[in-house]
Amino acid sequence: MEKALVQKLIDTAIEQLNFSYTPYSHFKVGAALLAKNGTIYGGCNIENAAYTPTNCAERTAFFKAVSEGVRTFDAICVVGGKDGVLTEYAAPCGVCRQVMMEFCDPDSFQVILATSREQYDVYTLRELLPLGFGPANLA
Ligand code: THU
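Residues numbered from 1 in each chain as written. Predicted model: local features only at pLDDT ≥ 70, side-chain atom pairs only at ≥ 80, totals over all residues. Heavy atoms only, no water.

1. Topic: unusual backbone geometry
So, point 1. One non-glycine residue, Asp 83, adopts positive backbone phi at about 55 degrees.
So, point 2. Examined against the element boundaries, Asp 83 turns out to sit in the loop between β3 (73-82) and α3 (94-103).
So, point 3. What makes Asp 83 exposed here is its relative accessible area of 54%. (Helix = DSSP H or I, 4+ residues; strand = E, 2+ residues; numbered from the N terminus. Buried < 20%, exposed > 50% of the residue type's maximum accessible area, 1.4 Å probe, protein only.)

This is the structure in C-alpha cells:
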C-alpha cells in the first residue's frame, strides 16, 4: 500500500481517539477501516457501565460499514493507549480478529498498527489469527 494512504489511515485512526468513550478504562482506541471501494470508516471504542456491552474501535468501524452495505475491505489501522497517549501498539483483541475473519481475506487483509505517522508496522490478518475459522470453513 502507498505510504500516503497508510498515513491517511493513521491520521483518521488518531482523529477517532477524540470520539472514544472510555469513562471506565480510560484506554482510548481509534480505528480506520479501508473498504475496497476506497471509503474509510472510522471507529472508536464505546464503553458501558455494565462493562460487557463495550464495543471495540475495530468492530465499531466494521459494523458502520457493514450496516451501510459495504462488506469488502483491504486494511484497517488501529491506534490506542491509556488516556489516548500512543506509546505502544494496540493490537486487536481476539473478538475483533474474528470479526475481521468474517469479512476479509486473511492472506491479503492488512492490519496496520501505529503509534505515529512515522512509526507503524503492517501485518496480515493471517499473521494475527493463524488457523482462523471463517466462512470458508462452512462452504
Ligand atoms: N479495545 C479496543 O477498542 N480494541 C481492541 O482491540 C482492544 C480493546 C478497547 C475496549 C475497552 O474500551 C478498552 O480498549 C480496554 O480494554
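2. A few points about the site of the ligand
So, point 1. Around the ligand lies a shell formed by Ser 25, Phe 27, Val 29, Asn 45, Glu 47, Thr 54, Cys 56, Ala 57, Glu 58, Ala 91, Pro 92 and Cys 93.
So, point 2. Contact between the ligand and Ala 57: an oxygen atom at 3.0 Å from a main-chain N or O atom of the residue.
So, point 3. Considered on its own, the ligand offers 370 Å² of accessible surface; in the complex 77% of this is hidden by protein.
So, point 4. In this structure the site holding the ligand corresponds to the largest pocket. (Near = heavy atom within 4 Å. Polar contact = N/O pair within 3.5 Å; in protein donor to acceptor, adjacent residues only side chain to side chain. Areas by Shrake-Rupley, 256 points an atom, 1.4 Å probe, with all protein chains shown as cover. 1 Å grid on protein atoms, 1.4 Å probe; cavity = no way out; pocket = protein on both sides within 12 Å on 5 of 7 lines; lining within 4 Å. Sits in = over half its atoms within 2 Å of the grid points.)

3. What about a nonpolar patch on the surface?
So, point 1. A grouping of Tyr 21, Tyr 24, Ile 46 and Tyr 51 is seen on the molecular surface, where their side chains present a nonpolar patch of about 440 Å² in accessible area.
So, point 2. You can see Tyr 21 is positioned in the loop between α1 (3-16) and β1 (27-35).
So, point 3. Residue classification places Tyr 21 among the partly exposed residues on the basis of a relative accessible area of 43%. (Patch = residues over 30% accessible without salt bridge, like charges linked within 9 Å, V, L, I, M, F, W, Y side chains within 5 Å. Salt bridge = Lys/Arg side-chain N within 4 Å of Asp/Glu carboxyl O.)

4. Structural notes on α1
So, point 1. The end-to-end C-alpha separation of α1 is 20 Å, in line with the 20 Å expected for 14 residues at 1.5 Å each.
So, point 2. Within α1, the full set of buried residues consists of Val 6, Gln 7, Leu 9, Ile 10, Thr 12, Ala 13 and Gln 16.
So, point 3. Buried residues along α1 sit in contact with β1, β2 (40-44), β3, β4 (110-114) and β5 (120-124). (Expected span 1.5 Å × (residues − 1). Contact = heavy atoms within 4.5 Å.)

5. Remarks on the sheet that holds β3
By definition, the strands of a sheet pair up through backbone hydrogen bonds, in either a parallel or an antiparallel sense.
So, point 1. Pairing is mixed in the open sheet, where five strands are placed in the order β2-β1-β3-β4-β5. What marks the edges here is a single partner per strand, and that holds for β2 and β5. Averaged over all pairs of adjacent strands, the angle between strand axes in this sheet comes to 20 degrees, irrespective of strand direction.
So, point 2. Along the sheet face, helix α2 (residues 57-66) touches β1, β2 and β3 and points at about 140 degrees away from the line of β2. (Pairing = 2+ DSSP bridges. Axes fitted to C-alpha atoms, helices over the stretch in contact; angles between N-to-C directions.)

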